[in-house]
Amino acid sequence: MSFGTYARRVRNQDLPYGLRYTSLRCAVERYMPVGYNATWDYITGRAGRIRTDETALLRALDILETSRKARLAEMAAFALRRTTEKRDRRILSADEHRYRHGWRWPGPDAHQAMHRTVQTLWAQHQRPPFPEVPSLVTLDSTVAGCVQTYLRQGGALHPDHRDILRSCLADLSAVRFDHRSPVSGAFSYFLRLRKMAELMAHDALPLVRRAWHGDAERIADVFLAARGQMTYLPRLHTDEETRAWIAGVVVARQETWVAELHGQVTGFAALDGQCLEHLYVAPEAQGHGVGSALLAQVRKVRPGLLDLHVFQRNTGARRFYERHGFTLTALGDGTDNEENLPDAHYRWPTGAEPGCR
């Protein structure tokens, strides 16, 4: 039977309570984004004593259904985007394939669910003796360091661990290791290690991908929210005008990349030739590596030169670019931007010819 059928049974007060309880277990079998045991532990841990409390039983189902609805909506949007991308012969990246189909809890409580699951897996991971598999030694110690920092910091990765974790994920994906291993417990040990790495990555590292027209509304939300914090900017356009410009110019004509975290676009960067025209991160996502991930991607696709302008009063952005190796080349008086505010011109790498004026 389907997830929906079991969900209806859970809510049916005419059925025996034991059958409704069993139906919830069957519903989890149909939708278990972090695995059966972890999904069950999470929803029942949040809901309460579901064995005897009907309110807790229904609360657990609500938690599960909320995540499933978010997953279905996300995959529907993904399918539409892929239809467009296939016409342009764009290939799905390995990072996005893992993000869409790997271990991850969709929905508004994504962070809480994944953090709790990593806690549980880490407790299990420390019990058995380490299997004597040389290929796992370095990976295990490296991932362990990331896990300990992640848990100690409440689900945040140390900046130094972001690239390390990405590298570990690539290495774990390359390991050829199956259930026929002669080393007892090695296979399950390896799977748990990879699962923890994936959950941390999907909780704390943004997915950077090309934007499509379906992202325009959320990109505009990020732009308006980020610019709203820059109180020195004059208001030159209405929100409706800004949204139309985002959809018709930034997304339609520029090479735009978005950072997606927990199923939501949290930042974007737009390129026009060799010029980085825009890089904005939603206020609630700032300080979590989103801007750095976007900048790394645009430097990857423009390895020879990047040029950009930033308002002189935007000291946070200036420090950000300088920290990432950009060099100040000139200070402007504002005559080149519509806000008429003094700006600063930055270039990467040092000594390159200008890419935008």
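Details of the structure are given in the entry above.
The notes below deal with the structure included here. The structure presented is a predicted model; accordingly, all values stated were derived computationally and were not measured.

1. Considerations on the overall build of the protein chain
Along the backbone of the protein chain there are 13 helices and seven strands. The dimensions of the protein chain, computed from C-alpha atoms along their principal axes, are 75 × 55 × 40 Å. Within the protein chain, buried positions represent 48% of all 357 residues. Considering only intrachain contacts with a sequence separation of at least 6, the fraction spanning at least 24 residues in the protein chain is 68%. Of the roughly 18100 Å² of accessible surface on the protein chain, 50% is carried by carbon and sulfur atoms.

2. A closer look at the environment of T138
On the secondary structure map, T138 appears in helix α7 (residues 134-152). Residues T138 and C168 lie 30 residues apart in sequence; the distance between their C-alpha atoms is 9.6 Å.

3. Looking at the side chain of R162
Relative to the helices and strands, R162 resides in helix α8 (residues 159-174). Those residues within four positions of R162 in sequence are excluded, and the remaining contacts are L157, L205, G287, H288 and G289.

4. What to know about the nonpolar core
Inside soluble globular proteins, nonpolar side chains tend to come together where they are buried. In this structure, L24, I43, I50 and W105 are the most contacted members of the largest nonpolar core, which totals 55 residues. Counting residues per element, the ones that place at least two in this core are α1 (3-11), α2 (17-30), α3 (36-47), α4 (54-87), α6 (110-125), α7, α8 and α9 (186-204). Residue contacts for W105: discarding those within four places in its chain leaves P33, V34, T39, Y42, I43, I63, L64, S67, A110, A113 and M114. Listed in part, the 24 residues of the second largest apolar core include W257, L271, A285 and F326.

5. Comments concerning the side chain of R98
Along the polypeptide, R98 turns up in helix α5 (residues 94-101). At 3.4 Å, the side chain of R98 and the side chain of D95 are in polar contact. Once residues lying within four places of it in the same chain are set aside, the contact partners of R98 are L169, E198, A201 and H202.

6. Comments concerning α8
For α8, built from 16 residues, the straight-helix expectation of 22 Å at 1.5 Å per residue is met to within 8% by its first-to-last C-alpha distance of 24 Å. Among all positions of α8, only H161, R162, L165, C168, L169 and L172 are buried. Mapping the buried residues of α8 onto a view down its axis gives an arc of 130°, with all of them on the same face. Across α8 from its buried face, at more than 90 degrees, point the exposed residues D160, D163 and A174.

7. Remarks on unusual backbone geometry
With an omega of -10°, the peptide bond between W348 and P349 qualifies as cis. Considering the arrangement of structural elements, one finds P349 in the segment after β7 (343-348). Even without a glycine there, the phi angle at R89 is positive, about 60°. Tracing the sequence through the fold places R89 in the loop between α4 and α5. The backbone of H262 sits at a positive phi, close to 55°, despite the residue not being glycine. Within the element layout of this structure, H262 appears in the loop between β2 (255-261) and β3 (264-272).

8. Some points on the packing of α3 against α6
Between α3 and α6, the least distance of the axes is 10 Å, while the angle of their chain directions is 115°. Of the two elements, α3 crosses α6, and the hand of that crossing is right-handed. Only Q112, A113, R116 and T117 of α6 make contact with α3, whose side of the interface consists of A38, D41, Y42, G45 and R46. Per-class residue counts for the contact of α3 with α6 are three nonpolar, three polar and three charged.

9. Observations concerning the environment of S2
By the element assignment, S2 lies in the segment before α1. Taking the C-alpha atoms as reference points, S2 and F320, separated by 318 residues in sequence, lie 50 Å from one another. At 3.1 Å, the side chain of S2 and the side chain of T5 are in polar contact.

10. With respect to the packing of aromatic side chains
Counted by the stated rule, this structure contains 10 aromatic pairs. Measuring from ring centre to ring centre gives 5.7 Å for Y21 and W40, while their planes differ by 90°; the resulting arrangement is edge-to-face. Of this pair, Y21 sits in helix α2 while W40 sits in helix α3, placing them 19 residues apart in sequence. W40 shares its class with Y21; the two are buried. Considering the side-chain rings of Y321 and F326, the 5.5 Å spacing of their centres and the 65° angle between planes classify their relative orientation as edge-to-face. One aromatic cluster is present, formed by F223, W245, F268 and Y280 through successive ring pairs.

Parameters and conventions
Residues numbered from 1 in each chain as written. Predicted model: local features only at pLDDT ≥ 70, side-chain atom pairs only at ≥ 80, totals over all residues. Heavy atoms only, no water. Helix = DSSP H or I, 4+ residues; strand = E, 2+ residues; numbered from the N terminus. Buried < 20%, exposed > 50% of the residue type's maximum accessible area, 1.4 Å probe, protein only. Contact = heavy atoms within 4.5 Å. Areas by Shrake-Rupley, 256 points an atom, 1.4 Å probe, with all protein chains shown as cover. Core = buried A, V, L, I, M, F, W, Y, C linked by side-chain atoms within 4.5 Å. Polar contact = N/O pair within 3.5 Å; in protein donor to acceptor, adjacent residues only side chain to side chain. Expected span 1.5 Å × (residues − 1). Arc of directions from axis to C-beta. Axes fitted to C-alpha atoms, helices over the stretch in contact; angles between N-to-C directions. Left-handed = near helix turned anticlockwise from the far one by under 90°. Nonpolar A, V, L, I, M, F, W, Y, C, P; charged D, E, K, R; others polar. Phe/Tyr/Trp six-rings, centres within 6.5 Å; stacked < 30°, edge-to-face > 60°.

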